[in-house]
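Fold and geometry: a report
These are the residues of each chain, in order.
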Amino acid sequence: MAEKLDVKQGTLALMILRTLDVLGPLHGYGVARRIEETSKHRLTLNYGTLYPALVKLEQEGFVTAEWRQSENNRRAKYYSLTPAGRRQLAREAREWNQTADLIAAFLAPRREAP
Amino acid sequence: MNALRAALARIAGVFTRDRGDDDLREELLAHVEMETAENVRRGMHPDEARRRAVLASGGVTQAAEAVRDRRGLPWLDSIAADVTYALRSLRHGRAFAAVVVITLALGIGANTAIFSVVRGVLLKPLPNRDGDRLVYLRHSKDGPGADNLTFSVPEVRDLRNGVPSLAGVAEYSPWNGILQGDEGAERITTGLVTGNYFEVMGLSAVHGRVTRPGDDGPGVPPVMVLTHEFWMKRFAGDAGVVGTQLMLDKRSVTVIGVLQPAPFFPDRMDALLNMVNSDHHLSAMMVEGRSHRMTEVVARLAPGATLDQARTEVEAVSARMQDEFRQAYNPAAHHRVAVIPFHEVLGEQARLTLWLLMGAAAFVLIISVANVANLTLMRGVRREHELVVRAALGAGVARLRRMLLVENLLLTLAGAALGVAIAVGGVRLLVSLAERYSPRASEIRLDGAVFGFMLALSVAVATVLSLLASLPREGRFASTILSGARRMSGGVNRHRLQRALVVVQVAVSVVLLAGAGLLTRTMMRLAEVDTGLATEEVLTMQVPLLTTTELMSDPRADAGAKVRYEQMRREAAALPGVIEAGIGSPLPLRRSTIVFDVKAEGRALAAGTPTPRAELRTASPEFFRAAGIPLLQGRTFAITDGPTAGNVVIINRTLADLFFPGEDPVGQRIAWTGEVLRFAPISGDWRTVVGVAGNTRDGGLDAESRPVVFMPFAQMLALGGGLVIRADSNVAALIPAATRIVRRIAPTAPIEHVMTVAQYKDRSVSPRRVNAALVSSFGILAVLIAAVGIAGVLAFSVSARTNEIGIRMSLGAGSGRVQRMILGEGGVLLAFGLALGVVGAYFAGRVMQGLLFGVAPNDPATFVGVAVLMAAIGIGACWIPARRAARVDPAITMRA
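The rules we used
- Residues numbered from 1 in each chain as written.
- Chains lettered and ligands numbered in written order.
- Predicted model: local features only at pLDDT ≥ 70, side-chain atom pairs only at ≥ 80, totals over all residues.
- Helix = DSSP H or I, 4+ residues; strand = E, 2+ residues; numbered from the N terminus.
- Rg over C-alpha atoms; globule rule 2.2 N^0.38 Å.
- Contact = placed C-beta atoms within 7 Å.
- Buried ≥ 20, exposed ≤ 12 C-beta atoms within 10 Å, placed from the backbone.
- Expected span 1.5 Å × (residues − 1).
- Pairing = 2+ DSSP bridges.
- Core = buried A, V, L, I, M, F, W, Y, C linked by C-beta atoms within 7 Å.
- Axes fitted to C-alpha atoms, helices over the stretch in contact; angles between N-to-C directions.
- Parallel < 35°, antiparallel > 145°, perpendicular 65-115°, else oblique.
- Nonpolar A, V, L, I, M, F, W, Y, C, P; charged D, E, K, R; others polar.
- pLDDT = per-residue confidence, 0-100.

This part takes up the overall build of chain B. Each helix and strand in chain B was counted, giving 29 helices and 21 strands. Computed over its C-alpha atoms, the radius of gyration of chain B comes to 38 Å, more than 25% above the 29 Å expected for a compact globule of 896 residues. For chain B, the spread of C-alpha atoms along the three principal axes comes to 135 × 80 × 55 Å. Across chain B, every contact between residues at least 6 apart in sequence was considered, and the portion connecting residues at least 24 apart equals 83%.

What follows is the structure, given as C-alpha cells:
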C-alpha cells in the first residue's frame, strides 16, 4: 500500500472545490470518498479535518449547502459550488500550478557542469 | 471581502449555536451511516461495518468540536465562560470581593479625580490656535515686589522691533472698570488690548467680531469684546447683546463680540477693550514713559523660530535698552525679561500642588494594589488545588492565566465603576481648589480622555495582579495531583513577595503621612500667623466712587468724593457697637497695586543695592485705630494734616528698618522717586515721617511684608477708597446697616470686598486646609490599608504555619514565645518599611518645600510623630494574628 500522507495546509480547500466542480453537488461523505480515491488512498480524511474546511468554505461564500434526499433515500447535506467558488477554484488552481512549476524547477536534478 | 464575510458568518454563528449543533450532528451521523452502508455493500458484517466507519471518522465528538470552533468565535465563548465562572467564584468569596472592590475604588477614584484636574489645568492643549507657539514675557528685577514689573509701552515697542523670532507682540493692560447695570453698578475686570491681541492669542469670536488693528489709536469708537464666561454669567448667553451699548466707567461702549472660552493670565477677565476706552492709555505718560509699566505682553513665535532663539533675542534687546536708557534701569537691580510658554505660565501656581496630589493619589493606588495583590496571593494559595484540578482536566496555563485575568478585570472594573462615583464627587471639591491656583479650572471635566486613563489604569492593575499569581508549570500537574498535595511548592518565593509588598505599603504610608503632617503643620502655622491687626472684629468694604479717568483729571470730582467718604465714615462710626471707623485705600490685608521707588533724605544706599520700592497706601486719621494696626512710634495722622498742610507720612516697620535701622525714624524725611513720577499725579516732594506702623500681612498670611508708605487720605487722590469699621463684637452683624449707609450716600457705586478680618484669614488658610485635608485623608487611608495588609499577611503566615507552631508548642515553646515569634516577624517588616519610608519622606519633603510655610521640609517633630504613629498602628496590626498563634492548641493541629 502506498505511503500515507497528511493533507497539506491550504490544499484541502482546493481539493474540495475541484471535487464539487467535477462531480456537482455532493455530501461530505461523497467528497471524502472522492478525495481518498483520487489520491489512491494515500490521503485519509477524518471528520475533524473535512467538516471545518467545509464550514469555512461555506462562510467564505464559495460553497452553499442544502439538505436533500440522497441516491439511496437518506437525508444528507449537499454542498455545491457557487459562482464565487468557481472563480476561487480557477484562481487557486492557477496559483498552485505556478507554485508547483516553481518547486519542480528548484528540485530538478542538478545538471552536471559541461 | 471573503474574510469579512467569513467573520460576519462566525459572529452570526455565536447566536445560532443550538440550531447549528443539531444540524451538524445529523450531518455527521449521515456520514457514518453512508460509510457503514458502503462497507456492508462491500460484504462486511453490519457491526464490523459500523465499527470501521466510526473508526475512520476520527471521532464524531472531536469533529463536532472542531466545526464548532470554526463556526463561532471560540475565544468569545470561552471568555463568556470565564466571566460566568469568575462571577461565580467571586460570589463565593463575597467578603474578599467587597474588600478588593472598595480598596481599588478608592485608589482608582482618587487617581481619576486628580488626573482630571491635572489634565484640565496642566496637560490639555490650550484652546488658542497653535497655543504651543504662544509665549508670555515677564519683566523682573531684584528686590521685593519686583518679580513681575510688567512693561511700559516704549519697552514693548523695542521688543516688537528688535525680536524677529516673535511674529506678533500684543499688549494687554489689566484695567478695572465700573459697569453700570439695571441692578446697580458692578466692578468688572477688563483688559485694554492692542488690535493685534486676538490675532496673536489665536482666539476668535463666537458671536460678532474681535478687535483688529483698525480699533487702535485715538478717534475710534470705544468697543468691547465680552469673554465667554462673563457673557454666560451676566447675559445668560444671549447673543442679542452684541451690538448693544453698555455704560462702562460712565461712558457708552459698544459690545462688538463674544470671545470663545479661553483662559487668561494673570487674572480672569470679564471683557477686553480697545485702548480708546482709557484716556490714560493714550496719554503721553503711557505712550512715552519708559518706566510707566502697566502692560502685560503676550507674543507668538514666528514660524520656524524656537523658544531659545526668542530668548536670546529678547535678552539682547533688554541689554540694549538698559544701555541706552540708564536713568530708567538701575544696573544694580538686574532687569531681565523671561520668555515663558503661555501654557506653563498658566499652570505655574498650580503645578506643584497638583503634582503633589497626583503623587499622593498614586501612592494610595500603589498601596491598594499591593494589598489586593496580597489578598489575591493568599486566595490563590487556597485555590491552588482547584487550579491543579482544572489543569489536569485540560485547561492550559494560558487558559488559567486568562481565567485569573478575567477575574481580576471584573474586580478592577467594578472598582473603577465605584471609583467613578468617588471621582465625580472629588472633582467638584478639586475644582473649587483649582480655581484658586489656575485660570484653567473651568476646563476640568471627566471626559473621554479621563475615562480612558481610568480604564487603562484598571487594565494595568488587573494585569499586574494576574501576573503575580503563580500557576502550575506545564507538565507538572500530574505529579502534583499524584502526590496528593493540596499546595504547590514555591511558597517561599511567594512569601518573599508578600513581605516585600508589606514593606512597600508601610514605606509608602510613612511618606504619605509625613507629607500630610508637614501640610497640616503648615496650615496650623499659617492660622497662627499674626495678621498685624490687633483684633478680628474688623469689617472692610471698598466703595470706588470715581473712575480712573475722573481720579486723574478731575480735581472737583476728587474733592466731592472725599466729602462723601467722610460722610459714610461718620455715619458708620455712629452705628451701635462700633468702636471706630476709618477710610483708607487699599483696605487692610489687601495688597496695594501702587508701588513706587522710594528714597530717604541724606541716606545713600550701599553701592549695588537696588532702590527700594514701597506700596503707596492712604489712611484717614482714624484708620489705624479702626483697623487695629498698632502705631509703634510717633503719632497717627491728625485732622490738621489737611490738603494744604505740610506733607507727612507714616511708614511701616519694614521700611523703617530698611532706611533707619536702630534710629528713630520720626522727623526724618522720605520721598517718592524715579522717572515715572514725571507722568504720575504724585509729587516727589520730601515728606516728614510722623509715625511707624506695625507690619501687616497684606496679600496672604504667607506673604512677606513689603515696605509701605501711608499718606494722609486728605493729601492724596481718593483712590478706590473704602471703609474700615471696628466693633466690640460680632462685626459681621453690622454688614446690613453699613451697606444701607453706603447705598444712600453713593447709590450707583459698587460695594466690594465686604469681608471681616476673620474671613480674610480664612481665605488665606483655606486652600492649604484643602491641601492638608486631601493629603491627610490619603495618608489615613494608606495607613488603614497598610494595617490590614500587615495583619492579613501575618494571619496568613500563622495559618500556613499552624503545624509548625503546634510542633513548637508540643516541644515546649510557651504561648508567649510563639506570640513573640509572630510579632517579631511583623516587626522586621515594619522596621524595614519605616526605614525606607523615612528616607522617602525626606525626599518628598524636599520636593514639596514650596508648599510649606513655617515648617522645615525635614521637620524632626513631624517625622518622629509619623514614625511612632506608624509603628503603633503596625504593632497593633501584628497583635491580632500573634494572639491567634499563641492560642494554637498543639493537640488539635498535630492531628489535622
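Looking only at helices and strands, one finds four helices and three strands in chain A. For chain A, the sequential pattern of α-helices and β-strands runs α-β-α-α-β-β-α. Residues counted as buried form 29% of the 114 residues belonging to chain A. The contacts of chain A with a sequence gap of at least 6 include a subset with a gap of at least 24, amounting to 53%.

The end-to-end C-alpha separation of helix α3 (residues 46–57) of chain B is 17 Å, in line with the 16 Å expected for 12 residues at 1.5 Å each. Following α3 of chain B by one or two positions, G58 of chain B adopts a phi angle in the positive range, close to 75°.

Residue and element names in this part refer to chain B. With five of five residues buried, strand β16 (residues 648–652) lies mostly within the body of the structure. Residue alternation in β16 divides its side chains into two sets, V648, I650 and N652 and V649 and I651, and both sets are buried. Pairing geometry for β16 and strand β18 (residues 687–693), over five bridges, is parallel. Residue pairing for β18: V648 is matched across the bridge by T688.

Bringing unusual backbone geometry into the picture now. The bulk of non-glycine residues show a negative phi, and the bulk of peptide bonds are trans. A cis amide bond links S585 of chain B with the next residue in sequence, P586 of chain B, at an omega value of -15°. Here P586 of chain B shows up in the loop between β12 (578–585) and β13 (595–600). Even without glycine at this site, K40 of chain A takes up a positive phi of about 55°. Here the phi dihedral of H41 of chain A falls at roughly 65°; this positive angle occurs in a residue that is not glycine. Within the fold, H41 of chain A resides in the loop between α2 (28–38) and α3 (47–60). Overall, the presence of 11 C-beta atoms within 10 Å leaves H41 of chain A in the exposed class.

On to the interface of chain B and chain A, then. Of the residues lining the interface, 24 residues belong to chain B; the matching set on chain A comes to 17 residues. Residue assignment for the side of chain B that touches chain A shows that the elements contributing at least two residues are α1 (2–15), α2 (17–41), α3 and α4 (60–71) of chain B.

So, about the nonpolar core. Residue and element names in this part refer to chain B. Ranked by size, the top nonpolar core spans 109 residues in total, and within it V364, V506, V510, L512, F778, A782 and I790 carry the most contacts. Those residues in contact with V506 that sit more than four places away from it in its chain are A786, L829, L830, G833, L834, G837, M870 and G874. By size, the runner-up hydrophobic cluster in this structure holds 64 residues, among which are A619, I650, L719 and V757.

Below, the discussion takes up the sheet that holds strand β3 (residues 75–81) of chain A. All names here are of chain A. Judged by pairing direction, the sheet is antiparallel, and its three strands sit side by side in the order β1-β3-β2 without closing on themselves. Either end of the sheet is taken by a strand with one partner, and the two such strands are β1 (26–27) and β2 (63–69). Inspection of the sheet shows β2 paired to β3 by seven bridges, in the antiparallel sense. In the strand pairing of β3, E66 is matched with Y78. Packed onto the sheet, helix α1 (residues 11–23) meets β1, β2 and β3 and runs at close to 95° relative to β3.

Residues and elements named next belong to chain A. Put simply, α1 and α3 touch, their axes get as near as 10 Å, and they point 75° apart. In terms of their interaxial angle, α1 and α3 are classed as roughly perpendicular. Between α1, through L12, A13 and I16, and α3, the contact on the second element is made entirely by T49, A53, L54 and L57. Of the residues contributing to the contact of α1 with α3, the split by class is six nonpolar, one polar and no charged.

Here we come to the packing of α1 of chain A against α2 of chain A. All names here are of chain A. Look at α1 against α2: their axes get within 10 Å of each other, and the N-to-C directions meet at 100°. In terms of orientation, α1 and α2 fall into the roughly perpendicular class. For the pair formed by α1 and α2, the contact residues are M15, I16, T19 and L23 on the first element and V31, R34 and I35 on the second.

Here we come to the environment of T190 of chain B. All names here are of chain B. Along the chain, T190 turns up in strand β3 (residues 184–193). Since 28 C-beta atoms lie within 10 Å of it, T190 is described here as buried. Sequence separation between T190 and V225 is 35 residues; the distance between their C-alpha atoms is 9.7 Å. Setting aside its immediate chain neighbours within four residues, T190 contacts W175, G177, M269, D270, A271, L272 and L273.

All right, on to the confidence of the model for chain B then. Confidence in the prediction for chain B averages 84 pLDDT; 93% of positions are at 70 or higher. Overall fold confidence (pTM) sits at 0.71, and the ipTM for the predicted complex is 0.85.

Let us look at the environment of S165 of chain B. All names here are of chain B. Counting through the fold element by element, S165 comes out in the loop between α7 (153–162) and β2 (166–181). The spacing of S165 and S683 is 518 residues in sequence and 41 Å in space, taken between C-alpha atoms. Leave out the neighbours within four places in its chain, and S165 touches L301, A302, A305, Q309, A310 and E313.

All names here are of chain B. In this fold, A885 is placed in helix α28 (residues 860–886). You can call A885 buried: it has 26 C-beta atoms within 10 Å. In sequence terms A885 and M232 are 653 residues apart; their C-alpha atoms lie 67 Å from each other. Once residues within four sequence positions are removed from consideration, A885 is found in contact with V798, I805, V818, Q819 and I822.

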